[in-house]
Amino acid sequence: MAGVQADGTPRPDELTLLYRGPLASCDYDCPYCPFAKRRDDPDRLRADRAALGRFADWVAAQDFPISVLFTPWGEGLVRSWYRSTMIELSHLPHVRRVAIQTNLSSRLRWVAEADRDTLALWATYHPGQVTHERFIGKCRELLAHGVRFSVGVVGLPDHAEPAKRLRAELPDEVYLWINAAEGHLYTDEEAAGWTAIDPLFGYSRTPHRSLGLPCRTGQSVVSVDGEGTVRRCHFVERPIGNLYDGSALRALRPRLCSLPVCDCHIGYVHLEPLDLYRVFAGGVLERIPAATPD
Ligand code: SF4
Ligand code: SF4
């Protein structure tokens, strides 16, 4: 910790916030997703907008380095308040990174208003929901605007050919990740096929044993929900405090993982023994490796 802030709360050296508000709807209909084509009623959308505004105000009021990754259950960028918050946070001098997970379905003109040194996108390609031409067109738009982004695909058999085509047509400097499909066991032959597309697929192929191992979450990384309830990560349920009353900042300390395994990149990237801060140096949140993997 580097002292206290003007309001008496501790000032961390830096903090990464994984934010997930009430929004739980999506414009896509992926067969592997519980949020497919879900609609949020107007009350929920209003609550999501208000919660995001409160969170952004809190970030703006801090005076230590902050990075933010928005990980909505559904699609955030189809909502104006996510786009405007990304723009607003990107211009704050103490915000080092503001990133969001997105299906890239929405218009992208807004990125021109953001600080492209701070903005980043974690984009997922869902073949079956969008054509190759439309998706790669969006990627080209991001490239033209100088936006940092990774793209990725869920490693299902039907996705192999679309993923290969996308990899072949994207410039080498755009990292294309493959996520192991939930509950899917890969033979060595299947894994080799996916590794040919994403040389880092090995990190995703099987869950990482994490029980009792040091993980940065709960110290320099936390998960925040719409009420400001802070958990160490999205997977360990027990809250450690609240963002808005200062209790979460007071609770930050080194911690060991209490769960048997960690199987999602947004979690295990912070698991210290994996050393992924080195692999993804400069792009931990948006999943961009420091060097093009081969
Ligand atoms: S785009 Fe993402 S949130 Fe939307 S249905 Fe597909 S997997 Fe779910
Ligand atoms: S290893 Fe994964 S589950 Fe365990 S604390 Fe870290 S992020 Fe959470």
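Residues numbered from 1 in each chain as written. Chains lettered and ligands numbered in written order. Predicted model: local features only at pLDDT ≥ 70, side-chain atom pairs only at ≥ 80, totals over all residues.

As recorded in an unreviewed UniProt entry, the protein chain goes by the name Radical SAM protein, listed as coming from Spongiactinospora rosea.

Asks: Kindly report on the overall build of the protein chain, identifying the contributing residues and their values.
Replies: The helix and strand inventory of the protein chain stands at nine helices and 13 strands. For 294 residues, the compact-globule estimate of 2.2 N^0.38 gives 19 Å, and the C-alpha radius of gyration of the protein chain, at 19 Å, lies within 12% of that figure. In terms of overall dimensions, the protein chain has C-alpha extents of about 55 × 40 × 35 Å along its principal axes. Within the protein chain, buried positions represent 38% of all 294 residues. When contacts within the protein chain are restricted to residue pairs at least 6 apart in sequence, those whose partners lie at least 24 apart make up 65%. (Helix = DSSP H or I, 4+ residues; strand = E, 2+ residues; numbered from the N terminus. Rg over C-alpha atoms; globule rule 2.2 N^0.38 Å. Buried ≥ 20, exposed ≤ 12 C-beta atoms within 10 Å, placed from the backbone. Contact = placed C-beta atoms within 7 Å.)

Asks: Lay out the environment of P34 in plain terms, naming residues and giving numbers.
Replies: Checked against the element boundaries, P34 lands in the loop between β1 (15-20) and α1 (42-61). The class of P34 is exposed, set by 10 C-beta atoms lying within 10 Å. When the C-alpha positions of P34 and I136 are compared, they lie 25 Å apart, and in sequence the two are 102 residues distant.

Asks: I'd like a rundown of the pairing of strand β2 (residues 66-70), residues and numbers included.
Replies: Most of β2 sits out of view: five of its five residues are buried. Side chains I66, V68 and F70 of β2 all project onto a buried face; the interleaved residues S67 and L69 project onto the opposite face, where all are buried too. Summarising the sheet, β1 and β2 pair through five bridges and their orientation is parallel. Residue pairing in the sheet places L17 in a bridge with V68 of β2. Between the parallel pair β1 and β2, the chain is carried across by α1, and the sense of this crossover is right-handed. Pairing geometry for β2 and strand β3 (residues 95-102), over five bridges, is parallel. Bridge assignment links S67 to a residue of β3, and that residue is R97. (Pairing = 2+ DSSP bridges. Right-handed = clockwise from strand over helix to strand, strands pointing away.)

Asks: Which residues make up the site of ligand 2, and what are the values?
Replies: Among the 14 residues in the neighbourhood of ligand 2, the closest are listed as C215, C233, C257, C262 and G267. Considered class by class, the residues forming the shell around ligand 2 number nine nonpolar, four polar and one charged. (Near = placed C-beta within 6 Å. Nonpolar A, V, L, I, M, F, W, Y, C, P; charged D, E, K, R; others polar.)

Asks: I'd like a description of the sheet that holds strand β4 (residues 119-124), backed by residues and values.
Replies: Strand order in the open sheet made by the nine strands is β6-β5-β4-β3-β2-β1-β9-β10-β11, with mixed pairing throughout. Looking at the sheet topology across the chains shown, the edges are occupied by β6 (176-179) and β11 (239-242). Shown here is a sheet whose adjacent strand axes are inclined to one another by a mean of 25°, direction ignored. Here strand β10 (residues 229-231) pairs with β11 via three bridges, running antiparallel. The residue bridging V230 from the neighbouring strand is G241, located in β11. (Axes fitted to C-alpha atoms, helices over the stretch in contact; angles between N-to-C directions.)

Asks: Can you explain the pairing of β3? Please cite residues and give values.
Replies: For β3, the buried fraction is high: seven of the eight residues fall into the buried class. Remark: the β2/helix α2 (residues 80-90)/β3 crossover connection has right-handed handedness. One ladder, built from five bridges, connects β3 with β4; its direction is parallel. Considered in β4, the bridge of I100 is made with L121.

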